[in-house]
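Descriptive structure summary
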Amino acid sequence: MGFTDTRFNVNLSILFTELPLLERPAAARAAGFTAVELWWPWVDAPVPEQGELAALRAALDDAGTRLVGLNFYAGRLPGPDRGALSVPGEESERFRANVPVAVEFGRSLGCTSFNALYGNRVEGVPAAEQDALALENLVFAARAVAEVGGTLLIEALNAPESPHCPLVSAPKAIEVVDAVNAATGLDNARFLMDLYHLAMNGEDLEEVIDRYTPKTAHVQIADSPGRGAPGTGSLDLAALLARLTKAGYDGWTGLEYKPGDRPSAGAFAWLPGPLRPART
């Protein structure tokens, strides 16, 4: 495989999870990676103790790893939840409480890309009401992210694995991106293009790349089917990433795949060592 023009980072919430959270940055560095991303690590604590934040910050710094992407609080992830910002009541409040905490944590590490997962539909509440709440919370997040010169990411998931989430196509996610930018006037909302989710939806990945790369600020990959490492499924990820580069994408590409029944350190044979460190 090629990949010579791609800047990779490792998602420490799906890889190296056989290790405690604070040991994962060093493990990623030992595998040759210097850039990482994270789902919100404290699924039960949108506002964790300062000591926990400081410990993770120190682990990232001590390992020499750069945080390039961070999810806002999204409920139980991995698990039954698919986000919190569209869910009325306590979950929405948790999302809003988390926003300034996550933004400040990211800022302290030089991270300015923040992913806001939408959430599952809630029975008994009109969809329009949930969408209005989602837009309100996304506008709130976009304004907070703008204070650190950052980008708010909107991701499309896949319908087979997330049947209750309304954002399960690239066009739908782009619709939300456009709505947030229109509401704020900040133009700092962008698409997170996860090629695995889009492939699971049966979308034409080449068409998605050609149409939506200008509105894309982060990419994630896993092979499909199976959500394994490149080469374990049917996607020609080298060709797709080359197409992204040709379309003008020069941002980060997160490795968000399952390592299989082996330690995560053994799940990178597809990527030569010289291509693993971050390149500016």
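Heads up: these notes are all about the structure in this document. On a predicted model such as this, the values are computed, not experimentally measured, just so you know.

Let's shift gears to the pairing of strand 1 (residues 7–11). Among the five residues of strand 1, five are classified as buried, and the element is accordingly described as predominantly covered. Burial along strand 1 is two-sided: the residues R7, N9 and N11 and F8 and V10 are all buried. In the sheet, strand 1 pairs with strand 8 (residues 252–255) via four bridges, with the strands oriented parallel. Among the inter-strand pairings, V10 is bridged to a residue of strand 8, identified as L255. Pairing geometry for strand 1 and strand 2 (residues 35–38), over two bridges, is parallel. Considered in strand 2, the bridge of N11 is made with E37. In this view, the connection linking strand 1 to its parallel neighbour strand 2 by way of helix 1 (residues 24–30) has right-handed handedness.

Moving on to the packing of helix 3 (residues 90–108) against helix 4 (residues 127–146). At their nearest, the axes of helix 3 and helix 4 sit 10 Å apart, and the two run at 10° to each other. With respect to helix 4, the axis of helix 3 lies roughly parallel. Along its contact with helix 3, which presents S92, F95, R96, V99 and V103, the element helix 4 presents L133, E136, N137, F140, A141, A144 and V145. Per-class residue counts for the contact of helix 3 with helix 4 are eight nonpolar, two polar and two charged.

Pairs can form between side chains of opposite charge once their charged atoms are near each other. Enumeration over the complete set of coordinates arrives at 13 salt bridges. For D81, the salt bridge identified is with R76, shortest N-O distance 3.1 Å. The exposure class of D81 is buried, given its relative accessible area of 15%. The salt bridge involving E206 is made with R243; its shortest N-O contact spans 3.8 Å.

Each value, and the rule that gives it
Residues numbered from 1 in each chain as written. Predicted model: local features only at pLDDT ≥ 70, side-chain atom pairs only at ≥ 80, totals over all residues. Heavy atoms only, no water. Buried < 20%, exposed > 50% of the residue type's maximum accessible area, 1.4 Å probe, protein only. Helix = DSSP H or I, 4+ residues; strand = E, 2+ residues; numbered from the N terminus. Pairing = 2+ DSSP bridges. Right-handed = clockwise from strand over helix to strand, strands pointing away. Axes fitted to C-alpha atoms, helices over the stretch in contact; angles between N-to-C directions. Parallel < 35°, antiparallel > 145°, perpendicular 65-115°, else oblique. Contact = heavy atoms within 4.5 Å. Nonpolar A, V, L, I, M, F, W, Y, C, P; charged D, E, K, R; others polar. Salt bridge = Lys/Arg side-chain N within 4 Å of Asp/Glu carboxyl O.

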